[in-house]
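Chain residues, written in single-letter form:
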Amino acid sequence: MPSRILPEQFLAMLAELNLAELKAVLAEGEPCTSVRLNVSKNVTEEDIRFKGSRIPWCEAGLYLDQRPRFTFDPALHQGCYYVQEASSMFHGYIVKKLFGNAGSPVRVLDSCAAPGGKTTGVIDSLPAGSLVVANEYVPSRAAVLRENLIKWSYPSCVVTRGDTAAFRRLKDTFDLIVADVPCSGEGMMRKDADAISQWSAGLIHECTERQWDIVNNLWSSLKPGGIMIYSTCTFNRSENEEMVERIINEFGAESVAIDIEPEWGIAGGIGTDANCYRFMPHRLRGEGLFVAILRKPGEIRSERQQGKNKTKNAKSTPQLTSAKSWLTDEAAAEMEIYADDDRINAFPRLHADILRKIKKELDVIHEGVLIGNVKGRDLIPSQSLALSPCLRKDAFPTVEIDSQTAISYLSGDAITLPDGTPRGFILLTHRDRPLGFVKNIGNRSNNLYPTPWRIKSKIN
């Protein structure tokens, strides 16, 4: 990779912060490739067949020796792992330290969540049954977020699209808010040329104003005693320590410390007494990241989540009957199953009340498990159901396919099924894990893999 020319004003800022050592690694260094395994699917290193070494702050994270062609690995599309920058996996570590032993479910908002790496990491660190609301403002990025969270297959998840201002009206709702705010991107300079070309002092000023607006919008929706994880992928103090100090001074927030190992190479804050965690690529294997943990003043309420909301029983239809029969007994007992236009969804009854409140304020683009879409008298099973742990194992006939056939399927091609395959909906599996549905109509099969998700490039 050719040497990158960094802006002189940026280099002067690094020198002022005693970070001049960053220049060499940002200009000449190679970014590393890392993945995080999906622990809820019991994925192991052997399952994904990558060679690598463990990331110290993430048990499920791996530094890879080389970058594979991820697009053509069916395991990626099955949600077996997520390609994520190593530093960003620290959010999961924080959540596990603070909430891993909570005992009962908590409610979480990831406010600027696309493309979903931090969201999925948080999901894997939470107590079972916790609710995760993942929001994104930009429609195209929200669509990617939805796709990635469906592949990760966590049933107690809501994906919303909207301005963070809407969360002002959800007062005292969340135990944890992740605010990985839009920033000037200085920490991404060695892997993203745009981060260099777009950098300016003016951009930093614009980002700080937007960051404060986001935090200000979110603060009222955090419960008293609740936690906000504030983070950026940049180095300057304006977007980092100065923003944290403003939150402490204006909202009375408490700075929270967590235990880390010295050998990890994580640095502290610059010019502040607040507990801050700086990931800098000249000190560790990862890109630039800044994280601070803040507790909202007030007593933590031991809120008992009821989960016994009385809802109107939906009028039984053949489609609703089919939908329920496709779920495990446990899922059918614990989830509301309901029609929403031409969609049939299942959502945990424990969090049905907050889902209704969210729907009044934001555009919900995914909730729980999309079981299927109604088409005439038929219910077409969805990709969300195919990958979900809520799918009953014997709900559909299955056909195991090899890697080449799996790539053809993921590219939208028609798949030839073995002789004797029954007509109707068939669940394709690869390496004994669900991949997606086809409909066998006898002489051919219709590919039901979502069109926007299909592989557009060719393997050769």
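What comes next concerns the included structure. (Residues numbered from 1 in each chain as written. Predicted model: local features only at pLDDT ≥ 70, side-chain atom pairs only at ≥ 80, totals over all residues. Heavy atoms only, no water.)

Considerations on a negative patch on the surface
Heads up, the rule is: Only residues whose relative accessible area exceeds 30% and that take part in no salt bridge are eligible for patches, with like-charged residues grouped when within 9 Å of each other and nonpolar side chains (Val, Leu, Ile, Met, Phe, Trp, Tyr) grouped when within 5 Å. Computed with a 1.4 Å probe, the accessible areas rest on the Shrake-Rupley method; for each residue, only the protein chains presented here act as cover. Within this document, salt bridges are pairs made up of a side-chain nitrogen of Lys or Arg and a carboxyl oxygen of Asp or Glu, the two lying within 4 Å of each other. Positive charge is attributed to Lys and Arg, negative charge to Asp and Glu, and no charge count is given to His or to the chain ends. Just so you know, the charge point we use is NZ for Lys, CZ for Arg, CG for Asp and CD for Glu. Here a strand is any run of E in DSSP of at least two residues, a helix any run of H or I of at least four, and the numbering for each starts at the N terminus.
Together, Asp163, Glu206, Glu209 and Asp213 line one region of the surface with negative charge. Residue position: Asp213 is located in helix α9 (residues 201-219).

Let's talk about the packing of aromatic side chains
Here is the rule we go by: Here a Phe, Tyr or Trp ring, Trp counted by its six-membered ring, pairs with any other such ring whose centre lies within 6.5 Å, and the pair is stacked when the planes are under 30 degrees apart, edge-to-face when over 60, and tilted otherwise. Exposure categories follow from relative accessible area, calculated using a 1.4 Å probe and restricted to protein chains: below 20% of the type maximum is buried, above 50% is exposed, and the middle band is partly exposed. A positively charged side chain is recorded as over a ring if its NZ (Lys) or CZ (Arg) lies within 6 Å of the ring centre. The angle to the ring normal must also be within 35 degrees.
Counted according to the given criterion, the structure contains 18 aromatic pairs. Aromatic side chains Phe70 and Tyr81 sit 5.9 Å apart centroid to centroid with 55° between the ring planes, which places their arrangement in the tilted category. Of this pair, Phe70 sits in the loop between β3 (58-64) and α4 (74-77) while Tyr81 is found in strand β4 (residues 81-83), placing the two residues 11 residues apart along the sequence. The same class applies to Phe70 as to Tyr81, namely buried. Judged by centre distance (5.5 Å) and plane angle (20°), the rings of Phe90 and Tyr93 are stacked. Within this pair, Phe90 and its partner Tyr93 are both found in helix α5 (residues 90-99), separated by 3 residues, close to a single helical turn. By relative accessible area, which is 15% here, Tyr93 ends up buried. The rings of Trp57, Phe90, Tyr93, Trp264, Tyr277 and Phe279 are connected pair by pair, giving a single aromatic cluster. A cation sits over an aromatic face here: Arg246 above Trp212, 3.9 Å from the ring centre. Residue placement shows Arg285 over the ring face of Tyr63; its charged tip is 4.0 Å from the ring centre.

Looking at the nonpolar core
Put simply, the test is: As used here, the term nonpolar core means buried Ala, Val, Leu, Ile, Met, Phe, Trp, Tyr and Cys residues forming a set that is joined through side-chain atoms within 4.5 Å.
In this structure, Ile48, Trp57, Tyr81 and Phe90 are the most contacted members of the largest nonpolar core, which totals 55 residues. Leu170, Ile247, Phe251 and Ala253 belong to the second largest nonpolar core, which has 37 residues in total.

Let's talk about the sheet that holds strand β19 (residues 424-430)
Which entries qualify depends on this criterion: We treat two strands as partners when DSSP finds at least two bridges between them. Here, axes are lines fitted to C-alpha atoms. For helices the fit covers the stretch in contact, and angles between N-to-C directions go from 0 to 180 degrees. Contacts are assigned to residue pairs that have any heavy atoms within 4.5 Å of one another.
With respect to topology, 4 strands assemble into an open sheet ordered β18-β19-β20-β21, the strand pairing being mixed. This sheet does not close on itself; its edge strands, each paired only once, are β18 (398-400) and β21 (445-447). Averaged over all pairs of adjacent strands, the angle between their axes in this sheet comes to 40°, without regard to strand direction. Relative to β21, strand β20 (residues 433-440) runs antiparallel, the two being bridged by 3 bridges. In the sheet register, Asn440 faces β21, and the bridge partner there is Ser445. Packing against the sheet, helix α15 (residues 403-410) makes contact with β19, β20 and β21, and its axis sits at approximately 60° to β20.

Notes on unusual backbone geometry
Ala114 connects to Pro115 through a cis peptide bond whose omega is 5°. Along the polypeptide, Pro115 turns up in the loop between β5 (107-110) and α6 (117-123). If you check the backbone angles, Arg49 has positive phi at about 60° while not being a glycine. Judged by its relative accessible area of 55%, Arg49 falls in the exposed class. Notably, Asp341 is not glycine yet its phi reads approximately 55°, a positive angle. Mapped onto the secondary structure, Asp341 falls in the loop between β13 (335-340) and β14 (343-348).

Geometry only, nothing functional implied.
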